[in-house]
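Structure assessment
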Amino acid sequence: MQEEYSHMGGGATEDSDHFESEKSLLNEYEILSEDIRNSNEFLNLLLDQNPDPWYLYDLKGFLIDCNQSFEDLVGYTRMDLVGKCFLHLKLLPLIQRARAKIILDKNAVGMISGPDEFEFITKSGDLINVELKNSLIDIKDRKLVLVTVRDVENHLKKEKELESRTEAREKMIEELYRQIEKNLQIVTSLMNLQKAHMRDDKDAELLQDTHNRVKSIRKAYEKLIQSPELSRINFAEYSKSILSGLLSTYAPEPGNISLNVELEDTFMDMGTSIPLGMILTELVSNSFRHAFKPNIMGEIRIIFKNYPDYYVLRVQDNGDGFPDDVNFDRTHSLGLQLVKSLVNQIDGNMKRKLSGGSCFSIEVPKLGSLDLNQVYE
């Protein structure tokens, strides 16, 4: 027991030494910070290098100091301004000096103002719009006013330049999407021509599958061009476009198979919408081709829900289902392999029922959703 207490006592001493070391280091940085704040060299550098124009005046309106940015803005040097009352300088138009006097009177009774819009007349005679905001400070028992200046015209000019660059970039991106959509349209057209010359039904069916996949991607870019945003599309509208194409392919005339669609309007990023659209294509195509016997009434139901943290896409039919001996995890079907791969690509989770009709339910976490276990419980 004596050894145990001795060991514990040594640990406490080490902790105490560590605490004292941290405390000493903290005090050292606090002293350094105070020295920097009291350093004339540091303060002068900070004031002079400030990119925002500023000037300092007393409660009588006499200018005491300004920085280089203010000199550059108005064209006057510091020596042209210091010691002179700004109410008498040509810096302010005559009609605005009365407003400046009102602000000075407010400063004298401890009130600040701003932002206030004024006009400055530069040394070269140009008129510039500025926004002024003042603060009261005490230096050696003297009350002074520090005024920060914002060049409104220059700010608006930069905003317009930014808007112009953004608009040009958006037009370029939109044109890029348009070219991608056109190229994909050419590919699907070539597939249609190739299909017409194919004699083997199995090969024609495989080509039709590839055609559907490319077409679902093309539809996404088609919707993206029409979207008010350049990064997201309405997944419900995208899904309807896909389903319309599949319906015309597999059931061009009103027949025995009906589509029951329940889709919530949701804007979704392309990284999620394209894989999810391809999954929809594969599952609905599979139901059309394999779920129902000829001349038997059937229904394919598609449901899409938008929950706070995840999306759910469900494709189900009331057809024959899958054979009992099918091993979904080791299937040789390219379509089902593709579905599994796409679900993994978007970090999704898939539940399935393969007898008494088939039902595939895909849950996809939204970007930034962290607790996926809670989603999939």
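Read on for a plain summary of the structure. (Residues numbered from 1 in each chain as written. Predicted model: local features only at pLDDT ≥ 70, side-chain atom pairs only at ≥ 80, totals over all residues. Heavy atoms only, no water.)

**Thoughts on the overall build of the protein**
Check the secondary structure of the protein and you find 11 helices and 12 strands. For the protein, the proportion of its 377 residues judged to be buried stands at 36%. Accessible surface, the protein: about 23800 Å² in total, of which carbon and sulfur atoms supply 52%. (Helix = DSSP H or I, 4+ residues; strand = E, 2+ residues; numbered from the N terminus. Buried < 20%, exposed > 50% of the residue type's maximum accessible area, 1.4 Å probe, protein only. Areas by Shrake-Rupley, 256 points an atom, 1.4 Å probe, with all protein chains shown as cover.)

**Description of the sheet that holds strand E12 (residues 359–365)**
If you trace the 5 strands from one edge of the open sheet to the other, you get E7-E9-E10-E12-E11, paired in mixed fashion. Strand pairing shows two members of the sheet lacking a second neighbour, strand E7 (257–263) and strand E11 (349–353), which therefore form its edges. Adjacent strand axes in the sheet meet at a mean angle of 10°, parallel and antiparallel pairs treated alike. Summarising the sheet, E7 and strand E9 (residues 298–306) pair through 7 bridges and their orientation is parallel. By the bridge assignment, Asn260 is partnered in E9 with Arg301. (Pairing = 2+ DSSP bridges. Axes fitted to C-alpha atoms, helices over the stretch in contact; angles between N-to-C directions.)

**Focus: the packing of aromatic side chains**
For the coordinates displayed, the defined rule picks out 9 aromatic pairs. Between Tyr307 and Tyr310, the ring centres sit 5.1 Å apart and the planes meet at 25°, which makes this aromatic pair stacked. Note on Tyr307: relative accessible area 35%, which makes it partly exposed. In this arrangement the basic side chain of Arg99 is found over the ring face of Phe118, its NZ or CZ atom lying 4.2 Å from the centre. (Phe/Tyr/Trp six-rings, centres within 6.5 Å; stacked < 30°, edge-to-face > 60°. Lys NZ or Arg CZ within 6 Å of the ring centre and 35° of its normal.)

**A closer look at the packing of helix H7 (residues 201–226) against helix H8 (residues 235–250)**
Here H7 crosses H8 at 150°, and the two axes come no closer than 9 Å. Taken as axis vectors, H7 and H8 run roughly antiparallel relative to one another. Two packed elements cross with a definite hand, and for H7 against H8 that hand is right-handed. Of the residues in H8, those touching H7 at Gln208, Asp209, Asn212, Lys215, Ser216, Ile217, Lys219, Ala220, Glu222 and Lys223 are Glu237, Tyr238, Ser241, Ile242, Gly245, Leu246, Thr249 and Tyr250. (Parallel < 35°, antiparallel > 145°, perpendicular 65-115°, else oblique. Left-handed = near helix turned anticlockwise from the far one by under 90°. Contact = heavy atoms within 4.5 Å.)

**Topic: the nonpolar core**
Ranked by size, the top nonpolar core spans 45 residues in total, and within it Leu276, Ile279, Leu280, Val284, Ile302, Phe304 and Ile362 carry the most contacts. Going through the elements one at a time, helix H6 (152–196), H7, H8, helix H9 (270–290), E9, strand E10 (310–317), helix H10 (334–345) and E12 are the ones with two or more residues in this core. At 9 residues, H9 tops the list of elements feeding residues into this core. Beyond its immediate chain neighbours, meaning those up to four positions away, Leu280 contacts Ser239, Ile242, Leu243, Ile302, Leu313 and Val315. (Core = buried A, V, L, I, M, F, W, Y, C linked by side-chain atoms within 4.5 Å.)

**What to know about the sheet that holds strand E2 (residues 63–66)**
In sheet architecture, strand pairing relies on hydrogen bonds along the backbone and comes in two forms, parallel and antiparallel. The 5 strands lie next to each other as E2-E1-E5-E4-E3, forming an open sheet whose pairing is antiparallel. What marks the edges here is a single partner per strand, and that holds for E2 and strand E3 (116–121). Strand-to-strand, the axes of this sheet are offset by a mean angle of 35°, without reference to chain direction. In terms of strand pairing, E3 meets strand E4 (residues 127–139) through 6 bridges, oriented antiparallel. Bridging from a neighbouring strand, Ile121 pairs with Leu127 of E4. In the packing of helix H5 (residues 97–108) onto the sheet, contacts are made with strand E1 (54–58), E3, E4 and strand E5 (142–151), and the angle to E3 comes to roughly 125°.

**Some details on unusual backbone geometry**
One non-glycine residue, Asp347, adopts positive backbone phi at about 55°. As for its position among the elements, Asp347 is in the loop between H10 and E11. On the basis of relative accessible area, Asp347 is assigned to the exposed category, the value being 52%.

**Regarding the pairing of E10**
In the case of a regular strand, side chains alternate between the two sheet surfaces. Counting buried residues along E10, 6 of its 8 residues qualify, which places the element largely inside the surrounding structure. As defined by bridge partners, E9 adjoins E10 across 7 bridges and the pair is classed as antiparallel. Bridging from a neighbouring strand, Arg301 pairs with Gln316 of E10. Where E9 folds back on E10, the antiparallel hairpin that results is connected by 3 residues. Here E10 pairs with E12 via 7 bridges, running antiparallel. The partner of Val315 across the bridge, within E12, is Phe360.

**Some words on H8**
Side chains of residues three or four places apart in an α-helix project in the same direction, reflecting 3.6 residues per turn. The terminal C-alpha atoms of H8 lie 22 Å apart, and with 16 residues this matches the ideal 22 Å at 1.5 Å per residue to within 8%. Among the residues of H8, Phe235, Ala236, Tyr238, Ser239, Ser241, Ile242, Leu243, Gly245 and Leu246 are the ones counted as buried. Tucked inside the fold, the buried residues of H8 contact H7, strand E6 (232–234), E7, strand E8 (267–269), H9 and E9. Between the side-chain oxygen of the N-cap and the backbone nitrogen of Ala236 there are 3.0 Å, and the N-cap of H8 in question is Asn234. (Expected span 1.5 Å × (residues − 1). Polar contact = N/O pair within 3.5 Å; in protein donor to acceptor, adjacent residues only side chain to side chain.)

Honestly, it's all geometry; don't read function into it.
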